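So you can see what is in the structure, the chains are spelled out below.
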Amino acid sequence: MSVKLTEEMLAALPDARGHFGAFGGRFVSETLMDSLMTLEKEYLRLKKDPEFQATFDKDLADYVGRPSPLYFAERLTRETGGAQIWLKREDLNHTGAHKVNNTIGQVLLASFLGKKRIIAETGAGQHGVATATVCARLGLDCHVFMGAEDVQRQSLNVYRMKLLGAHVHAVESGSRTLKDAMNEAMRDWVTNVDDTFYIIGTVAGPHPYPLLVRDFQSVIGREAREQSLEKTGKLPDALVACVGGGSNALGLFYPFLTDESVQLYGVEAGGLGLESGDHAAPLCAGRPGVLHGNRTYLMEDENGQIASTHSVSAGLDYPGVGPEHSWLKDIGRANYVSVTDEEALDAFRMLTQVEGIMPALETSHAVAYAVKLAATMDKDQMVVINISGRGDKDIHTIAQLDGIEL
Amino acid sequence: MSRIEGVLQTLKGQGRKALIPFITAGDPHPDQTVSLMHSMVDAGVDIIELGVPFSDPMADGPVIQLACERALKHGTSLRRVLAMVSEFRETNNTTPVVLMGYLNPIEAMGYDAFADAAVQAGVDGILTVDLPPEEAGDVAPLFSRRGLDPIFLLAPTTTDERIRAIADHSSGYVYYVSFNGVTGAAKINVDDVAAKVAHIHELTALPVGVGFGIRDAKTAAAVGQVSDGVIVGSVLVDTIARNQADIEELKRALTDLLTPMREALDRIKP
């Protein structure tokens, strides 16, 4: 059942302990508590500081290249034969994905807190690249943790990070993917908490991270809302975004949460299919638990051990999800669906060939679902897809699937 | 009085310090854990911290990460750990057992079901690394009500205000983490520990156990000097890793590590 959300309800979330309903919170070892509380206090102060906000806005405009266009995909719309499909072009941001919106914000926080050493986790490498980029710009020491399997399948981004001067640490423990990279980043943070700022790449982790990452990414939805009204005179009927941790989706959704007429669709990685068990879709097929500092939907076994995940896309290959998504699911405000590896790969090819836009494999999940959705809608309706990142980094994966050696 | 309080009070009366080993349950094999527990009691330990293996041990260094992997490979679930404690209690009714681990396996089992089963099995205390007191409001009372001691961590970064609040939520003892870092790192600075533990003693009457970085009789004695007990983990778990093949050899190796620590602690003048 869906609840009508108001601005007042949203302003009260997360609560003082970082909870979104039953989700979120701060589940970390004691060593990190003081740092998290300081970060929360400083962020809540800076959020209202005009100088901080002006610097953030200026960097987004002049360095990232915002606003990103809202583009009418005319040919894709014609081929689909349903609702108008519009693309929010986060792929055109500097570094090629939405991730940089957040790293610009967090590195600014780090500077205000006087921290000179930056750490980050990364899956597909986009957040790692976006972190390495802002660190290069400010001359900060940057350490990126990346699962050893992801280091292999995203070698291009690994090299980009190295060119930017970052140290990339391949994580060999556990499943050697994003969750293990996050474990290792947490271990580094607990060891170097005095001088180190942890730039988390998604709307997950202990409070206040889900809050501040959502705030920094909400520029996507604010722009999309304005652009939609300006270009079409109305709000979109549906928004579609892929969900790994969920930062691009929440960034798009958040400014529309009180617009009841706007349907929200978060698309998880269905991998080989939900029934196969080989997927990364905790909202579709998981249950609530506690991992990486927050309570949220997780993929776990009956004993509470975190399950291994599978997705063709490294950025979605994560057993958890941001706690605010878990809340939006439970109150029925957003719909969470999944598409398979194969559907995402088909969508990658389709968008590339029909619109000349090569989406990231993560983004391709959103494209795949949006096209199916648009086909069921009226021609005067409007769907916005968040094109969260560009697909250059995935060309090796695609070529390999095609049996081509580059 | 809980079994933990009883043991710590007796030690205090004798002017002695608690020796508290940590091993990961199910490592190297679930069938061997109870035997290792008895063997450590014979070597003179006072309280046993039994690690509940978790797939994502974020606060642990490589040694305990690998122990978790070995234990999980053999299917060591939380229920199985509780069964080990029951078995231990068949012949030992005096040595307190504290379960130490991460929250999610407990959450998956259900808090009430877990607390009931833990009491039934003969568990004495619960230490959940990723459950700070702020999030423990609903959980800690479930433990206390059944006579299980909720044990929380204190760290070098913990402010005075939090030390008081954490002590309010705790019973049995508080666990002071000797440095900022993961288990098994070699970072301990005994002077820093001494200063902080003395300060903690001013803020709470609870006994203070100190863990992280204690690897031999020398560090045990130095830390024991300033605290109520020492917790020894990674060096034991590493010994388990290196002696997986032969359980008798393994027990001897653990005893060889623990005996000098016991002796060094007992040489501390009250």
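Asker: I tried to follow the pairing of strand 9 (residues 229-232) of chain B on my own but got confused; where do I start?
Answerer: Where a strand is regular, its side chains alternate between the two sheet faces. All names here are of chain B. Here strand 9 shows no split at all, with Gly229 and Ile231 on one side and Val230 and Val232 on the other all buried. Judged from the four bridges that link them, strand 1 (residues 18-24) and strand 9 form a sheet pairing that is parallel. Counterpart to Ile20 in the pairing with strand 9 is Ile231. Across two bridges, the pairing between strand 8 (residues 208-211) and strand 9 is parallel.

Asker: Please clarify how the interface of chain B and chain A should be interpreted in this entry.
Answerer: How large an interface is tends to be reported as the accessible area lost when its parts come together. Facing the 35 residues of chain B at the interface are 38 residues of chain A. Both faces considered, chain B and chain A share a buried interface measuring about 2,900 Å² in area, 49% of it formed by carbon and sulfur atoms. The tally of links between chain B and chain A comes to four salt bridges. The salt bridge involving Arg17 of chain A is made with Glu135 of chain B; its shortest N-O contact spans 3.9 Å. The tally of links between chain B and chain A comes to 19 residue pairs in polar contact (both at pLDDT 80 or more). Elements that contribute at least two residues to the side of chain B that touches chain A include exactly helix 3 (62-73), helix 5 (103-109), strand 6 (153-154) and helix 8 (160-169) of chain B. Considering each element in turn, the side of chain B that touches chain A owes the most residues, five residues, to helix 5 of chain B. Tallied by class, residues from the side of chain B that touches chain A come to 17 nonpolar, nine polar and nine charged.

Asker: I would appreciate a short explanation of the nonpolar core in the present structure.
Answerer: Considering soluble globular proteins, one finds that nonpolar side chains tend to be buried as a cluster. Membership of the largest hydrophobic core comes to 187 residues, with the highest contact counts inside it found for Leu99 and Phe114 of chain B. Sort the elements by how many residues they give to this core and helix 9 (residues 178-191) of chain A lands first, with seven residues. Structurally, this core is a two-domain feature, drawing no fewer than three residues from each of domain 1 (16-60 + 99-213) and domain 2 (67-96 + 218-401) of chain A. Residues contacting Leu99 of chain B, with those up to four places away along its chain left out, are Leu50, Val52, Leu78, Val81, Leu82, Val85, Phe114, Val123, Gly125, Ile126 and Leu127 of chain B. In terms of nonpolar packing, the next biggest core, distinct from the first, is built from 31 residues, Tyr265, Ala280, Val354 and Ala374 of chain A among them.

Asker: I tried to follow the domain arrangement of chain A on my own but got confused; where do I start?
Answerer: Residue and element names in this part refer to chain A. Split by domain assignment, chain A resolves into domain 1 (16-60 + 99-213) and domain 2 (67-96 + 218-401). Here domain 1 and domain 2 have C-alpha centroids that lie 22 Å from each other. Contact with domain 1, which involves 39 residues of that partner, is made by 41 residues of domain 2. Around 3,100 Å² of area is buried between domain 1 and domain 2 when both sides are counted, 61% of it from carbon and sulfur atoms. Area buried by domain 1 at its contact with domain 2 is led by Phe23, Phe27 and Arg153, which between them contribute 21% of it. Taken together, the elements giving at least two residues each to the side of domain 1 that touches domain 2 come down to strand 2 (23-27), helix 5 (99-112), helix 6 (126-138), helix 7 (148-153), helix 8 (155-163), helix 9 and helix 10 (209-217). Classifying every residue of the side of domain 1 that touches domain 2 by side-chain character gives 19 nonpolar, 14 polar and six charged.

Asker: When you look at the sheet that holds strand 9 (residues 238-242) of chain A in this model, what are you seeing that I'm missing?
Answerer: Backbone hydrogen bonds are what pair the strands of a sheet, in a parallel or an antiparallel way. Residues and elements named next belong to chain A. A sheet is described by the order of its strands in space; here six strands give the open sequence 3-4-14-9-10-13, paired in mixed fashion. Of all the strands in the sheet, the pair left with one neighbour each is strand 3 (70-72) and strand 13 (334-339). Strand-to-strand twist in this sheet, taken as the mean axis angle between neighbours without regard to direction, amounts to 25 degrees. One ladder, built from five bridges, connects strand 9 with strand 10 (residues 263-269); its direction is parallel. Bridging from a neighbouring strand, Leu239 pairs with Leu264 of strand 10.

Calculation criteria
- Residues numbered from 1 in each chain as written.
- Chains lettered and ligands numbered in written order.
- Predicted model: local features only at pLDDT ≥ 70, side-chain atom pairs only at ≥ 80, totals over all residues.
- Heavy atoms only, no water.
- Buried < 20%, exposed > 50% of the residue type's maximum accessible area, 1.4 Å probe, protein only.
- Helix = DSSP H or I, 4+ residues; strand = E, 2+ residues; numbered from the N terminus.
- Pairing = 2+ DSSP bridges.
- Contact = heavy atoms within 4.5 Å.
- Buried area = accessible area lost by both parts, 1.4 Å probe.
- Salt bridge = Lys/Arg side-chain N within 4 Å of Asp/Glu carboxyl O.
- Polar contact = N/O pair within 3.5 Å; in protein donor to acceptor, adjacent residues only side chain to side chain.
- Nonpolar A, V, L, I, M, F, W, Y, C, P; charged D, E, K, R; others polar.
- Core = buried A, V, L, I, M, F, W, Y, C linked by side-chain atoms within 4.5 Å.
- Domains from an automatic or database assignment.
- Axes fitted to C-alpha atoms, helices over the stretch in contact; angles between N-to-C directions.

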